[in-house]
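Residue-level listing of the chains:
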Amino acid sequence: MSGKAKDILKMDLYGLLDVENTATSKEIKKAYRQKALTCHPDKNPDNPKAVELFYQLSQALEVLTDAAAKAAYDKICAAKKQAEERTRKLDDKRKKVKLDLESREQQAEAHYQEEVQITRTLEEEITRLREEGSRQLEEEQRLIREQIQREREAQQQQTGDGRMYTSKISPSPLKWKCKKDDETNGGYSQDILFTLLQKYGDVSNVIVSSKKRGSAVVEFATVRAAELAAKNEIGLSKNPLKISWLEGQSEVIAPASQPGQFLSSQGAMANERDYESVVMMRMRQAAERQKLIEQMQRDDDDEAAAS
């Protein structure tokens, strides 16, 4: 394609003459004369733009008044128009796709924010329920302890033979799985063990080993509490608790003398023996507790030395 043809294709020949593409040769010539008179070089000797426009008008007249040249120009213009239309439609489609994508992204973001809010609300409700449930559990455990205390006091009332019964219980070992480097000690602490075990009865003491992971000892106030705990308590669901209960035994003691009550020498001797039995029982309890604690400390020292 020659340079002249390229220049012509860059121009809108009909637009230069202000005529439609259906204009006749007569209409084209008339439009040319009107335009050319205004920008003729003789009338505009110092205006380069007018000279350029006059030259373009001359090219438009030349092409549009020749049937073959006009047909070729019209064909190229039609092809360009179709291409522009396709491009426009494609751009519209792309624009629609973009808008649809942005709309979906906005909807997805809105759904995400809604889910986040719902999740946050659920977490808040769960936290509230846990707090309330914890308070309710503490209250229920308190009531249970009071009931057990009342039952124990009722059991300790004088029997028909004028004696009372009390129980002693040896310390019970507790074990659970725990890795050496687990700072949480398998999820168990003294407070947690107290909470888990005190629902079965009063807990006199809980000692958690500071060096031997996954071990502790607990001392219940009653044999019944130890029996219930050893039989029923499983500890944390993710890390079960094993309670090795050491059997307890009952001790019999006589009541203290009431004011104005006279005891025979035989009764006094029986009370004295019962009192001595209680003292010996408590001494044995203390000795057993101390022995178990010392054994745990030795185990901790041996483990520390081995590591």
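Quick caveat: nothing in here was measured; it's all calculated off a predicted structure. (Residues numbered from 1 in each chain as written. Predicted model: local features only at pLDDT ≥ 70, side-chain atom pairs only at ≥ 80, totals over all residues. Heavy atoms only, no water.)

Colleague: Sorry if this is basic, but what is going on with a positive patch on the surface here?
Modeller: Positive charge collects at one region of the surface, where Lys26, Lys29, Lys30 and Arg33 lie side by side. With respect to the element layout, Arg33 can be found in helix 3 (residues 25–39). (Patch = residues over 30% accessible without salt bridge, like charges linked within 9 Å, V, L, I, M, F, W, Y side chains within 5 Å. Areas by Shrake-Rupley, 256 points an atom, 1.4 Å probe, with all protein chains shown as cover. Salt bridge = Lys/Arg side-chain N within 4 Å of Asp/Glu carboxyl O. Lys, Arg positive; Asp, Glu negative; His and termini not counted. Charge placed at Lys NZ, Arg CZ, Asp CG, Glu CD. Helix = DSSP H or I, 4+ residues; strand = E, 2+ residues; numbered from the N terminus.)

Colleague: Just checking my understanding: could you explain the side chain of Glu233 for this structure?
Modeller: Within the secondary structure, Glu233 sits in the loop between helix 7 (223–232) and strand 5 (235–236). Side chain to side chain, Glu233 and Lys199 meet in a polar contact 3.0 Å long. Residue contacts for Glu233: discarding those within four places in its chain leaves Leu196, Leu197, Lys199, Tyr200, Leu228, Leu241 and Ile243. (Polar contact = N/O pair within 3.5 Å; in protein donor to acceptor, adjacent residues only side chain to side chain. Contact = heavy atoms within 4.5 Å.)

Colleague: What is the right way to read the sheet that holds strand 3 (residues 203–208) from this model?
Modeller: Across a sheet, paired strands are connected by hydrogen bonds in the backbone, their directions being either parallel or antiparallel. On the basis of which strands lie adjacent, the open sheet formed by 4 strands has the order 3-4-2-7 and antiparallel pairing. Looking along the sheet, the strands with just one partner apiece sit at the ends: strand 3 and strand 7 (242–243). In terms of strand pairing, strand 2 (residues 172–175) meets strand 7 through 2 bridges, oriented antiparallel. Each residue of the ladder has a partner; that of Lys175, found in strand 7, is Lys242. Strands in contact with helix 6 (residues 190–197) are strand 2, strand 3, strand 4 (215–220) and strand 7; relative to strand 3, the strand with the most contacts, it is inclined by about 145 degrees. (Pairing = 2+ DSSP bridges. Axes fitted to C-alpha atoms, helices over the stretch in contact; angles between N-to-C directions.)

Colleague: So what exactly am I meant to see when it comes to helix 6 here?
Modeller: Owing to its 3.6 residues per turn, the α-helix brings residues three or four apart onto one side. Buried residues of helix 6: Leu193, Leu196 and Leu197, and no others. Buried residues along helix 6 cover an arc of 85 degrees about the axis, so they all sit on one side. Buried residues along helix 6 sit against strand 2, strand 3, strand 4, helix 7, strand 5 and strand 7. (Buried < 20%, exposed > 50% of the residue type's maximum accessible area, 1.4 Å probe, protein only. Arc of directions from axis to C-beta.)

Colleague: Help me out: how do you make sense of the confidence of the model for the protein in this one?
Modeller: Where the model shows low pLDDT, its predicted coordinates should not be examined in detail. This prediction gives the protein a mean pLDDT of 76; 74% of its residues lie at or above 70. In the predicted structure, residues 158–168 sits below a pLDDT of 50 and forms 34 contacts with residues beyond four places in sequence or in another chain. Overall, residues 248–272 carries pLDDT values under 50, and its contacts beyond four positions in sequence, including any with other chains, amount to 34 contacts. (pLDDT = per-residue confidence, 0-100.)

Colleague: Before we go on, may I ask you to explain the environment of Lys175 in this structure?
Modeller: Secondary-structure assignment places Lys175 in strand 2. As for Lys175 and Ser215, which are separated by 40 residues in sequence, their C-alpha atoms are 4.5 Å apart. If we ignore the near neighbours within four places in the chain, the residues touching Lys175 are Gly214, Pro240, Leu241 and Lys242.

Colleague: How should the packing of aromatic side chains be read in this particular structure?
Modeller: What describes a pair of aromatic rings is the distance from one ring centre to the other and the angle between the planes of the rings. In this structure the tally under the stated criterion is 2 aromatic pairs. Taking 6.1 Å as the distance between ring centres and 45 degrees as the angle between the ring planes, the aromatic pair formed by Tyr14 and Tyr73 counts as tilted. Note that Tyr14 is positioned in helix 2 (residues 13–17) and Tyr73 in helix 5 (residues 67–155), a separation of 59 residues in sequence. Accessibility classification places Tyr14 together with Tyr73 in one group, the buried group. (Phe/Tyr/Trp six-rings, centres within 6.5 Å; stacked < 30°, edge-to-face > 60°.)

Colleague: Would you take a moment to explain the packing of helix 3 against helix 4 (residues 48–64) for this structure?
Modeller: One way to put it is that helix 3 packs onto helix 4 with a least axis distance of 9 Å and a crossing angle of 170 degrees. Relative to helix 4, the element helix 3 is oriented roughly antiparallel. Here Ile28, Lys29, Tyr32, Lys35, Ala36 and Cys39 of helix 3 come into contact with helix 4, specifically with Ala50, Val51, Leu53, Phe54, Leu57, Ser58, Leu61 and Leu64. (Parallel < 35°, antiparallel > 145°, perpendicular 65-115°, else oblique.)

Colleague: Just to check I follow, could you spell out the nonpolar core for this structure?
Modeller: Where a protein is soluble and globular, its nonpolar side chains tend to be buried together. Core analysis: the largest hydrophobic core is formed by 21 residues, its most contacted members being Leu13, Leu17, Tyr32, Leu64 and Tyr73. Taken together, the elements giving at least two residues each to this core come down to helix 2, helix 3 and helix 4. Residue contributions to this core peak at 7 residues, all from helix 4. With sequence-adjacent residues up to four places away left out, Leu13 is seen in contact with Ile8, Ala60, Val63, Leu64 and Tyr73. Judged by nonpolar contacts, the second largest core, of 17 residues, contains Tyr188, Val203, Phe220 and Leu241. (Core = buried A, V, L, I, M, F, W, Y, C linked by side-chain atoms within 4.5 Å.)

Colleague: Explain the pattern of salt bridges to me, please; I cannot follow it from the model alone.
Modeller: Close approach of charged atoms allows side chains with opposite charge to pair. Inspection of every chain in the model, using the stated rule, returns 5 salt bridges. One salt bridge connects Asp74 with Lys70, and the closest N-O pair in it is separated by 3.0 Å. Residue Asp74 and its partner Lys70 are located together in helix 5, separated by 4 residues, close to a single helical turn. The salt bridge partner of Glu85 is Arg88, with a shortest N-O separation of 2.3 Å. Of the two residues, Glu85 and Arg88 both sit in helix 5, 3 residues apart, roughly one turn of that helix.

Colleague: What am I meant to see in the pairing of strand 2 here?
Modeller: A regular strand places its side chains so that they alternate between the two faces of the sheet. Side chains Ser172 and Leu174 of strand 2 all project onto a buried face; the interleaved residues Pro173 and Lys175 project onto a face where none is buried. Sheet topology note: the strand 2/strand 4 ladder contains 4 bridges and is antiparallel. What sits directly across from Lys175, in strand 4, is Ser215.

Colleague: Just checking my understanding: could you explain the pairing of strand 3 for this structure?
Modeller: By the bridge criterion, 5 bridges tie strand 3 to strand 4 in an arrangement that is antiparallel. Each residue of the ladder has a partner; that of Val203, found in strand 4, is Phe220. Hairpin connection of strand 3 to strand 4: 6 residues between the antiparallel strands, including Gly214 at a positive phi of 75 degrees.

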